Amino acid sequence: MDVDRSLASGYFPQEVPVSFSSESFAKVRAGLTPHPIGKWTSPVRFSLARAGGVRRSTEIPNPFAQGALVDLCSTHWSTLQARTRLSPISMSRPVKRRGDRSLAYLCALASRPEAMIQRMPGGAVTLKTDISQFYPSIYTHAVDWAVRGKAIAKKSMRATTLGPTLDKRLQVSRSGQTVGISIGPDTSWLVSEVVLARVDEALCKKHTQVARRAVRFGDDMTFYASSEGEAYEVLSDYERMLADYELALNPIKVQVVRGIEPPEPRWVTTLRQARYRDTNDAELTHDLIDLFTLAFDAARDYPTQGILSYAMKRCDPFPGGDRSWPVYRDLVLATMTQEPSTFRHVYQVLQYARDRKLAVNTDRVVEVLNELCAQHARFDHGFEVSWILTILRELDLPLDVSAAQLVAEMEDNVSLVLLLDMMRSSAALAVAVDVNQAVERAEIKGALSSTDWLLAYELRASKWCPPKAWDNLDCWKELNRAKVRFLLPTAATTRLPLRRRRPAFLPSWGYP
């Protein structure tokens, strides 16, 4: 495993706007003063949108806690990989790769249907399972059990080998908690596969047919049983074996279905077979309307399955004709209200339009984006707000003062850092928006080890607030001296100094 790549790609959740990167941190980390070993840190929380209005709480770990975790995984990569190989049914175990991420799935997502079909022969009943609150429920001590074996780990709990050290570093990265690991980093993916590989190994030893007729992707396992009796027998043992590692199935998602369930939802087949002719602009326009008609209908029937995101990516290449582009642009804008998880794809579409000088209908885009920004900021929806701010920032479009003020009152670090950066380029925002609340949070002693570490570092490094001795941690001082930033700049623009505004009402007892 390449340590630098692990930090650069697995450091932030994959759904955080592309402006955020840790590549520069990875380049200088080797020469930094180590973070105090054992000092608890807290991750930044990031609320991720999923189709159907469901949300997932992801986390951006403290960089030094994550760096220590990555170093450990890198040093013991061969051992950890050997543990994940214990599973005969995992298609999601991580393997090394080169590219944007440090790790790749053993079986690419695009090949998932083929992998499932290979396990179907001999099956007459489909058992589908899902682990309840998988990452948030992983017991860090169970990671040690999976590495060394439960009996050995129980006998020597104070050992300093890989298992107990991994257990401790996972705790350090989440304020000492022993239940739950961060959703987002590739290290969490690797650790989760180590745990589940032990469960898979035990299940396949007791039921040898599982190795031939089951497949697992992440925490979802599908088994093609020869009878309902066999399905329920495997299910019973699987529940017990998961409980050995303090895990439990989600009863709502467990299903025993007569017959063979198709490897993909039926709506995927429908949308994949929809015509997409780009031989001329008129045909392409009609096909776009037909495709999205099917997609909007299917989204009503299956609201949690990301259908509109699929429809947007189904349009390949993106339309660019005089008739087809305006239709596609407006359909894309319409998806943002229906399915917030499409925001990251909207960003790609608008980037495409900007690079090819297509009409973006700026007034309408700005209106929709600002309305949605204000709507989601009220609920602290970090995913939606941060992507909206990224679009406005990258395309040099204006953010309304009223929407900006709502963002300034959010808890989300990612949105606040983006907002403060935009204020440096906008005199209107700099004068009208009150960011005192965010600045005060960044100034608090100990903020660099808290859930506001990203906000605290960026504001201090950009001199938007005093560094307060960098919480007496030399590693942070050195990071600042190396000019490391977690927010990449846009094209060079005139930067205005950020003015700190006093509140309109000043109580007499607050000032001498």
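Computed from a prediction, not measured in an experiment: that's the story for all the values here.

**So, the overall build of the protein**
Item 1. Summing up its helical and strand segments, the protein has 25 helices and eight strands in all.
Item 2. With 512 residues in all, the protein has 54% of them scored as buried.
Item 3. Considering only residue pairs separated by 6 or more positions, the protein has 73% of its internal contacts joining residues 24 or more positions apart.
Item 4. When the accessible surface of the protein is split by element, carbon and sulfur atoms take 51% of a total near 23,200 Å².

**A look at the pairing of strand S1 (residues 44-49)**
Item 1. Judged by how many residues are buried, S1 sits mostly within the fold: five of six residues are covered.
Item 2. Of the pairings in the sheet, the one linking S1 to strand S2 (residues 55-60) comprises six bridges and is antiparallel in character. Residue pairing for S2: Ala49 is matched across the bridge by Arg55.
Item 3. Connecting S1 to the next strand, S2, in antiparallel fashion are five residues, including Gly52 with a positive phi near 85°.

**Some points on the pairing of strand S7 (residues 220-225)**
Item 1. Here S7 lies mainly inside the structure; five of its six residues are buried.
Item 2. Alignment of strand S5 (residues 125-130) against S7, held across six bridges, turns out to be antiparallel. Looking at the pairing, Asp130 lines up with Asp220 of S7.
Item 3. Sheet topology note: the strand S6 (residues 214-217)/S7 ladder contains four bridges and is antiparallel. When the sheet's bridge partners are listed, Phe217 is paired in S7 with Asp220.

**Details of the pattern of salt bridges**
Item 1. All told, the structure shown has 25 salt bridges when counted by the stated rule.
Item 2. With its nearest N and O atoms 3.2 Å apart, the salt bridge here joins Glu367 to Arg364. Linking Glu367 with Arg364, this pair stays in helix H18 (residues 362-377), spanning three residues, or about one helical turn.
Item 3. By relative accessible area, which is 39% here, Arg364 ends up partly exposed.
Item 4. If you follow the salt bridges from partner to partner, you end up with Arg275, Arg277, Glu283 and Asp287 in one network.

**So, the environment of Leu358**
Item 1. Here Leu358 shows up in the loop between helix H17 (343-355) and H18.
Item 2. The exposure class assigned to Leu358 is buried, which follows from its relative accessible area of 19%.
Item 3. Each C-alpha atom, one on Leu358 and one on Pro326, is 9.0 Å from the other, the two residues being 32 residues apart in sequence.
Item 4. Leave out the neighbours within four places in its chain, and Leu358 touches Pro319, Gly320, Trp325, Tyr352 and Ala353.

**Topic: the packing of H17 against helix H19 (residues 382-395)**
Angle between the axes and distance between the axes are the two parameters that describe a pair of packed helices.
Item 1. Close contact between H17 and H19 brings their axes to 9 Å; oriented N to C, the two are set at 10°. Relative to H19, the element H17 lies roughly parallel. Across the interface between the two elements, Phe343, Arg344, Val346, Tyr347, Leu350 and Arg354 of H17 pack against Phe383, Glu384, Trp387, Ile388, Thr390, Ile391, Glu394 and Leu395 of H19.
Item 2. Of the residues that constitute the contact of H17 with H19, the class distribution is nine nonpolar, one polar and four charged.

**Looking at the packing of aromatic side chains**
Item 1. Following the criterion strictly, the structure yields 18 aromatic pairs and no others.
Item 2. Seen in terms of ring centroids, Trp267 and Tyr310 are 5.4 Å apart; in terms of plane orientation they differ by 85°. Their pairing is edge-to-face. Residue Trp267 is found in helix H13 (residues 266-273), and its partner Tyr310 is found in helix H15 (residues 307-314); the two are separated by 43 residues along the sequence.
Item 3. For Trp267, a relative accessible area of 9% puts it in the buried group.
Item 4. Since its relative accessible area comes to 25%, Tyr310 is described here as partly exposed.

**Side note on the confidence of the model for the protein**
Item 1. Overall, the prediction assigns the protein a mean pLDDT of 88, with 89% of residues at 70 or greater.
Item 2. At the low end of the mean pLDDT range in the protein sits helix H1 (residues 3-10), at 33; at the high end sits helix H12 (residues 228-243), at 98.
Item 3. Low pLDDT, under 50, characterises residues 1-14; the stretch is placed with 56 contacts to residues that sit more than four places away or in other chains.
Item 4. Scored below 50 in pLDDT, residues 492-496 makes 11 contacts in the model with residues more than four places away or belonging to other chains.

**Describing the nonpolar core**
Item 1. Counting residues in hydrophobic clusters, the biggest one holds 96 residues, and the most contacted among them are Phe292, Tyr328, Leu389, Leu399, Tyr457 and Trp476.
Item 2. When residues no more than four places from it in sequence are discounted, the contact partners of Trp476 are Asn62, Pro63, Phe64, Leu448, Trp453, Tyr457 and Trp470.
Item 3. Among the nonpolar cores identified, the runner-up in size contains 47 residues, and Ile183, Leu190, Leu203 and Val210 belong to it.

**Considerations on the environment of Arg481**
Item 1. For Arg481, the location among the structural elements is in helix H25 (residues 474-481).
Item 2. With relative accessibility at 58%, the residue Arg481 sits in the exposed group.
Item 3. Linking Arg481 and Ala461, residues 20 residues apart in sequence, is a C-alpha distance of 8.9 Å.

**A short note on the side chain of Asn413**
Item 1. You can see Asn413 is positioned in helix H21 (residues 413-423).
Item 2. A distance of 3.0 Å separates the side chain of Asn413 from the backbone nitrogen of Leu455, its partner in a polar contact.
Item 3. Residues in contact with Asn413, not counting those within four places in the same chain, are Val44, Arg441, Thr451, Asp452, Trp453, Leu454 and Leu455.

**Regarding the sheet that holds S6**
Strand pairing in a sheet is mediated by backbone hydrogen bonds. Such pairs are either parallel or antiparallel.
Item 1. The four strands are arranged S6-S7-S5-S8 in an open sheet whose pairing can be described as antiparallel. The two strands at the open ends of the sheet, each matched to only one other strand, are S6 and strand S8 (255-258). Averaged over all pairs of adjacent strands, the angle between strand axes in this sheet comes to 15°, irrespective of strand direction.
Item 2. As defined by bridge partners, S5 adjoins S8 across four bridges and the pair is classed as antiparallel. Following the sheet pairing, Val125 is matched in S8 by Arg258.

**Section: helix H24 (residues 453-461)**
Item 1. H24 sits mainly inside the fold: nine of its nine residues count as buried.
Item 2. All of the buried residues in H24 are Trp453, Leu454, Leu455, Ala456, Tyr457, Glu458, Leu459, Arg460 and Ala461.
Item 3. For H24, the elements touching its buried residues are S1, S2, helix H3 (63-75), H21, helix H23 (436-443) and H25.
Item 4. Lys463, located one to two residues past H24, shows a positive phi value of around 65°.

Rules used in this analysis
Residues numbered from 1 in each chain as written. Predicted model: local features only at pLDDT ≥ 70, side-chain atom pairs only at ≥ 80, totals over all residues. Heavy atoms only, no water. Helix = DSSP H or I, 4+ residues; strand = E, 2+ residues; numbered from the N terminus. Buried < 20%, exposed > 50% of the residue type's maximum accessible area, 1.4 Å probe, protein only. Contact = heavy atoms within 4.5 Å. Areas by Shrake-Rupley, 256 points an atom, 1.4 Å probe, with all protein chains shown as cover. Pairing = 2+ DSSP bridges. Salt bridge = Lys/Arg side-chain N within 4 Å of Asp/Glu carboxyl O. Axes fitted to C-alpha atoms, helices over the stretch in contact; angles between N-to-C directions. Parallel < 35°, antiparallel > 145°, perpendicular 65-115°, else oblique. Nonpolar A, V, L, I, M, F, W, Y, C, P; charged D, E, K, R; others polar. Phe/Tyr/Trp six-rings, centres within 6.5 Å; stacked < 30°, edge-to-face > 60°. pLDDT = per-residue confidence, 0-100. Core = buried A, V, L, I, M, F, W, Y, C linked by side-chain atoms within 4.5 Å. Polar contact = N/O pair within 3.5 Å; in protein donor to acceptor, adjacent residues only side chain to side chain.

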